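What follows is each chain in one-letter form.
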Amino acid sequence: MKANENNFVDLIRGRREEGLVYVIRTYGKLLNSIVKKRLFAAPDRVEECMNDIFLGIWRNIDCFDERKGSFVNWASGVARLEAVDTLRKIQREQKTVSLDEMEFEIPGEDTELFKLTEQELSEETEEILRCLSSKDQELFRRIFLMEEEPEEAGKALGFSRNNVYARIFRGKRKIRSKFGERKRV
C-alpha cells in the first residue's frame, strides 16, 4: 500500500515503514528547521536529534489524536521536545569533565601561599598536641596526620587496642577542654 496524506498515520500505527518514509519526505524539512533553530550551537548533533524524532514518532504514534490537532503540529511538538532533550544532554556532557582531562597549573605565588598555609596549619597542630604527653602526641600524629589504623599505631607504640582507644578518648577530651569544641554548622 502506498502512503499518502490520508493513510500514513494508520500505516505507522500498523508498523509499516511506508508511513514513516512519507513523514520523512513530507515533513522532514520542517522538523529539521525546528531542530536547527534550537541546536544552532551544535550542528553536529542535528542528524542524531532528527533520528530520535523519527524514532519518537514511530514509537509514540498511538499518542497522536486527530481530534486534538493536526499531525504536523504534533510532530513539531515532538521535534521541539527532542531538541530540548538533546540540548540538556549536551549541557550534561559539558559539565562532566574528568580530573584526568583537566590541566592544573599552579603559579609560583600560589605554591608559596600553599606552603605558608601548610606551615601555619602544622604549627597550630603542634600547639594543640603540646597539651598531651609525648606518647599520646605520637599516637595522635600516627592516627590523625599519617592516617594509620589505630590498632597499627598502638602496636608500633606498644599499646593494647583498648589502651589506644582510651588514650584517644582522653586526649580528645583534654584538647576540647583546653581549646574549646568547635560548633558544627
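It should be emphasised that the depicted structure is a prediction, and the values quoted were computed from it without experimental measurement.

Trainee: I tried to follow the packing of helix H6 (residues 134-145) against helix H8 (residues 161-179) on my own but got confused; where do I start?
Mentor: Packed helices, taken two at a time, are described by the angle between their axes plus the distance between the axes. Contact geometry for H6 and H8: axes closest at 10 Å, N-to-C directions at 100°. With respect to each other, H6 and H8 are oriented roughly perpendicular. Residues Lys135, Asp136, Leu139, Phe140, Ile143 and Phe144 of H6 form the contact with H8, whose participating residues are Val164, Arg167, Ile168, Gly171, Lys172 and Ile175. Across the contact of H6 with H8, the residue classes break down as seven nonpolar, one polar and four charged.

Trainee: Sorry if this is basic, but what is going on with the side chain of Gln137 here?
Mentor: Structurally, Gln137 is set in helix H6. Classification of Gln137 as buried rests on a relative accessible area of 15%. Here Leu132 takes part through its backbone oxygen, which lies 3.0 Å from a polar atom of the side chain of Gln137. The residues touching Gln137, leaving out its near neighbours within four places in the chain, are Leu129, Arg130 and Leu132.

Quick notes on the rules
Residues numbered from 1 in each chain as written. Predicted model: local features only at pLDDT ≥ 70, side-chain atom pairs only at ≥ 80, totals over all residues. Heavy atoms only, no water. Axes fitted to C-alpha atoms, helices over the stretch in contact; angles between N-to-C directions. Helix = DSSP H or I, 4+ residues; strand = E, 2+ residues; numbered from the N terminus. Parallel < 35°, antiparallel > 145°, perpendicular 65-115°, else oblique. Contact = heavy atoms within 4.5 Å. Nonpolar A, V, L, I, M, F, W, Y, C, P; charged D, E, K, R; others polar. Buried < 20%, exposed > 50% of the residue type's maximum accessible area, 1.4 Å probe, protein only. Polar contact = N/O pair within 3.5 Å; in protein donor to acceptor, adjacent residues only side chain to side chain.

Spatial relationships are all this shows, so hold off on functional conclusions.
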